[in-house]
Amino acid sequence: MSTASRDTAEDSARPGERAGRPRTGRLSLPPAARPYVPPLVLYGVTKLVGLTIFACLLEYAGDYRKKEPRFGGGAHWWDVLQTWDGWWYLQVAEKGYDPRPLQPLAPGGLFTVQQNSVAFFPLYPGLIRGVSEVTGLGLYGSAILVSVLASFVAAAGIYAVVAALAGTRAGTIAAGLWAVAPGAGVEWAVYSESLFVAIAAWACWCVMTKRWLAAGLLAFFAGLNRPTSAALIGAVGLAALVTLLRPDSRREQGVLGPVYAMVAAPLGLLTYITWVGLSMGRLTAYFTLQREGWAHYFDWGAYTLDVLRNVAVGRNDYLFAFSVPDLLGVQLVIALPFLIALMLRRKPPLVLVAYTLASVVTVLGTQQMFGNTARYLLPAFPLLLAPAAALSRLRWPTLTVFFTTAAVASGWYAHYVIFELGIP
């Protein structure tokens, strides 16, 4: 029996309903939840393996013990997961914001204004604080809980999107690939990526299934989580606009749903950016803070080109140079055209194409730490569509070897490299 035929037979027979199998009185999952068990198990096991290797590498090197707790250090290996951006998120969760006017720094340095926590959007730290209040956990424990739970919701969303386009087997593999993707180390850390991908994946799925009210609401919440939500907001809005412009789809789906999605999607992002501007006494304060306090701004790809030229000739004469993360970032950038072409070859829905291309343009067109390219591209989950579909042709024994090897390796390239050899 071919792989395709075997998959069809397995998909058509639900657990507990196959011929000759008696029903039991044991507690079982609702039928709608059962398809998500394999991808979530694969995701969880793969992540655990990667995290274990990460912990072993940290203990072997021991460098984290010599670093400041705020900048990649701590008394225990798991303390590393709450450093760098995680420190800022925990500060917001504990103390809230202090949006005072921009504070100029002494001239001559890289940064010209003092950093402020308003650069970090409120949804993730707000959830941290809420979980802490409800459960009694400390802020760090609550942050990890939010990230881990959100990562499983994200893996389920990725499965749902890819399964709808390439079959349940490919959807399961896509969830596993997201666990070992470059940059995946922040999925179970005090970072907002898992929460954002959870929102983005399900927002795209809602657009694909014409659930416009849910898509608009999810895009709204995405705007309260990360500034790069603009890619998702634009994709949802574009898909809604195209629906309205086509007479057949307009008659089938109506007007109110797509219009609502177009209006609601950008409100979260616009509201927060406006609040920061009004609170700090300058409407462009958020963008000024990012540019002059973190040296992050859209430069049409000039910084990315500078890094590529320097790395190609073995130099590090550029801003935020970290040799190992940068080399991995270059390899990922080289692979992007191939991944995009393979994705487009499968003719995915417009919302996925627009979201992915906008995400890639945002990452490559922005001056930021190039070594974090893998982390910044982590939300571009539709790039996993073609690899997952190709891998779905393999048998599970072969896939087991693949994911075992990738999980072990991810403990280094997706975890240790980001947190210890660079700045996440």
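Rules of the game
- Residues numbered from 1 in each chain as written.
- Predicted model: local features only at pLDDT ≥ 70, side-chain atom pairs only at ≥ 80, totals over all residues.
- Heavy atoms only, no water.
- Helix = DSSP H or I, 4+ residues; strand = E, 2+ residues; numbered from the N terminus.
- Rg over C-alpha atoms; globule rule 2.2 N^0.38 Å.
- Buried < 20%, exposed > 50% of the residue type's maximum accessible area, 1.4 Å probe, protein only.
- Contact = heavy atoms within 4.5 Å.
- Areas by Shrake-Rupley, 256 points an atom, 1.4 Å probe, with all protein chains shown as cover.
- Lys, Arg positive; Asp, Glu negative; His and termini not counted.
- Charge placed at Lys NZ, Arg CZ, Asp CG, Glu CD.
- Patch = residues over 30% accessible without salt bridge, like charges linked within 9 Å, V, L, I, M, F, W, Y side chains within 5 Å.
- Salt bridge = Lys/Arg side-chain N within 4 Å of Asp/Glu carboxyl O.
- Axes fitted to C-alpha atoms, helices over the stretch in contact; angles between N-to-C directions.
- Parallel < 35°, antiparallel > 145°, perpendicular 65-115°, else oblique.
- Nonpolar A, V, L, I, M, F, W, Y, C, P; charged D, E, K, R; others polar.
- Polar contact = N/O pair within 3.5 Å; in protein donor to acceptor, adjacent residues only side chain to side chain.
- Left-handed = near helix turned anticlockwise from the far one by under 90°.
- 1 Å grid on protein atoms, 1.4 Å probe; cavity = no way out; pocket = protein on both sides within 12 Å on 5 of 7 lines; lining within 4 Å.
- Points joined across faces, edges and corners; volume = space filled by probe spheres on them.
- Core = buried A, V, L, I, M, F, W, Y, C linked by side-chain atoms within 4.5 Å.
- Expected span 1.5 Å × (residues − 1).
- Phe/Tyr/Trp six-rings, centres within 6.5 Å; stacked < 30°, edge-to-face > 60°.

### As for the overall build of the protein
Next up, step 1: Looking only at helices and strands, the protein features 19 helices and two strands.
Next up, step 2: Computed over the C-alpha atoms, the radius of gyration of the protein is 22 Å, within 12% of the 22 Å expected from 2.2 N^0.38 for a compact globule of 424 residues.
Next up, step 3: With respect to the principal axes defined by its C-alpha atoms, the protein has extents near 75 × 55 × 50 Å.
Next up, step 4: Residues classed as buried in the protein amount to 51% of the 424 residues present.
Next up, step 5: Sequence-distant contacts, at least 24 apart, represent 74% of the contacts inside the protein between residues at least 6 apart.
Next up, step 6: Put simply, the protein shows about 19700 Å² of open surface, and 65% of that area lies on carbon and sulfur atoms.
Next up, step 7: Charge separation in the protein, taken as the distance between the mean sites of 32 positive and 22 negative side-chain charges, equals 10 Å.

### Brief notes about the environment of Leu 177
Next up, step 1: Counting through the fold element by element, Leu 177 comes out in helix α6 (residues 168-180).
Next up, step 2: Put simply, Leu 177 and Tyr 97 are 80 residues apart on the chain and 36 Å apart in space, counted from C-alpha to C-alpha.

### Quick look at a nonpolar patch on the surface
Next up, step 1: Nonpolar side chains collect at one region of the surface, where Leu 238, Leu 241, Leu 245, Val 255, Val 259, Met 262, Val 263, Leu 267 and Leu 350 lie side by side and expose about 710 Å² of accessible area between them.
Next up, step 2: If you list the elements that add at least two residues to the nonpolar patch, you get α9 (229-245) and α11 (256-264).
Next up, step 3: Taking relative accessible area as the criterion, Leu 238 reaches 34% and is therefore assigned partly exposed.

### Overview of the pattern of salt bridges
Next up, step 1: Throughout the structure, instances matching the rule amount to 10 salt bridges.
Next up, step 2: The residue Lys 67 makes a salt bridge to Glu 420 at a minimum N-O spacing of 3.4 Å. Of this pair, Lys 67 sits in the loop between α2 (37-61) and α3 (85-95) while Glu 420 sits in helix α19 (residues 396-420), placing them 353 residues apart in sequence.
Next up, step 3: On the accessibility criterion, Glu 420 (9% relative accessible area) is buried.

### Concerning the packing of helix α8 (residues 212-222) against α11
When two helices pack together, their arrangement is given by the angle between the helix axes and by the axis-to-axis distance.
Next up, step 1: Where α8 contacts α11, the axes come no closer than 8 Å and their chain directions differ by 0°. One way to sum up the angle between α8 and α11 is to call them roughly parallel. The segment α8 lies against α11, with Trp 212, Leu 213, Gly 216, Leu 217 and Phe 220 engaging Gly 257, Pro 258, Tyr 260, Ala 261 and Ala 264.
Next up, step 2: A class-by-class count of the residues in the contact of α8 with α11 yields eight nonpolar, two polar and no charged.

### A word on the side chain of Thr 83
Next up, step 1: Its location among the elements puts Thr 83 in the loop between α2 and α3.
Next up, step 2: Polar side-chain contacts of Thr 83 include one of 2.7 Å to the backbone oxygen of Val 80.
Next up, step 3: Once residues within four sequence positions are removed from consideration, Thr 83 is found in contact with Pro 69, Arg 70, Phe 71, Gly 72, Gly 73 and Tyr 191.

### Observations regarding the packing of α2 against helix α5 (residues 139-166)
Next up, step 1: Packing of α2 against α5 brings their axes to within 9 Å, and their N-to-C directions diverge by 130°. It follows from the interaxial angle that α2 and α5 lie oblique. At the point where α2 passes α5, the crossing takes the right-handed sense. Between α2, through Pro 39, Leu 40, Tyr 43 and Gly 44, and α5, the contact on the second element is made entirely by Ser 151, Phe 152, Ala 155, Ala 156 and Tyr 159.

### Brief notes about the layout of surface pockets
Next up, step 1: What the largest pocket holds in volume is close to 1200 Å³.
Next up, step 2: Lining the largest pocket are 44 residues, and of these Pro 227, Tyr 286, Gln 290, His 296 and Gln 368 lie nearest its centre.
Next up, step 3: Taken together, the elements giving at least two residues each to the lining of the largest pocket come down to α3, α9, α12 (267-280), α13 (285-293), β1 (297-298), α16 (350-364) and α17 (373-376).
Next up, step 4: For the lining of the largest pocket, the element with the most residues is α16, which contributes four residues.
Next up, step 5: For the lining of the largest pocket, a count of residues per class yields 29 nonpolar, 11 polar and four charged.

### So, the nonpolar core
Next up, step 1: Among the nonpolar cores identified, the biggest contains 119 residues, and Leu 81, Tyr 355 and Phe 419 are the most heavily contacted of them.
Next up, step 2: With 12 residues, the top contributor of residues to this core is helix α7 (residues 193-208).
Next up, step 3: Ignoring any residue separated from it by four or fewer positions in sequence, one finds Tyr 355 in contact with Phe 196, Ala 200, Cys 204, Ala 231, Leu 232, Ala 235, Pro 379, Ala 380, Phe 381 and Pro 382.

### Regarding helix α4 (residues 123-135)
Next up, step 1: Between its first and last C-alpha, α4 extends 18 Å over 13 residues, near the 18 Å set by a 1.5 Å rise per residue.
Next up, step 2: Among all positions in α4, only Leu 123, Tyr 124, Pro 125, Ile 128 and Ser 132 are buried.
Next up, step 3: Residue Gly 136 follows α4 closely and has a positive phi angle near 85°.

### Describing α9
Next up, step 1: Its 17 residues give α9 an end-to-end C-alpha distance of 24 Å, which sits within 8% of 24 Å, the value for a rise of 1.5 Å per residue.
Next up, step 2: Burial within α9 is extensive, with 12 of its 17 residues counted as buried.
Next up, step 3: Listed as buried for α9 are Ser 229, Ala 231, Leu 232, Ile 233, Ala 235, Val 236, Gly 237, Ala 239, Ala 240, Val 242, Thr 243 and Leu 244.

### Considerations on the packing of aromatic side chains
Next up, step 1: Counted according to the given criterion, the structure contains 27 aromatic pairs.
Next up, step 2: Summarising the aromatic geometry, the rings of Tyr 191 and Phe 419 are spaced 6.1 Å apart at their centres and angled 90° between planes, so their arrangement reads as edge-to-face. Of this pair, Tyr 191 sits in the loop between α6 and α7 while Phe 419 sits in helix α19, and the two are 228 residues apart along the sequence. Both residues of the pair, Tyr 191 and Phe 419, count as buried.
Next up, step 3: A ring pair is formed by Phe 220 and Phe 221, whose centres lie 5.4 Å apart and whose planes are at 75°; its orientation type is edge-to-face.
Next up, step 4: Among the aromatic residues, ring-to-ring pairing joins Trp 87, Trp 88, Tyr 89, Phe 120, Tyr 124 and Trp 294 into one connected group.

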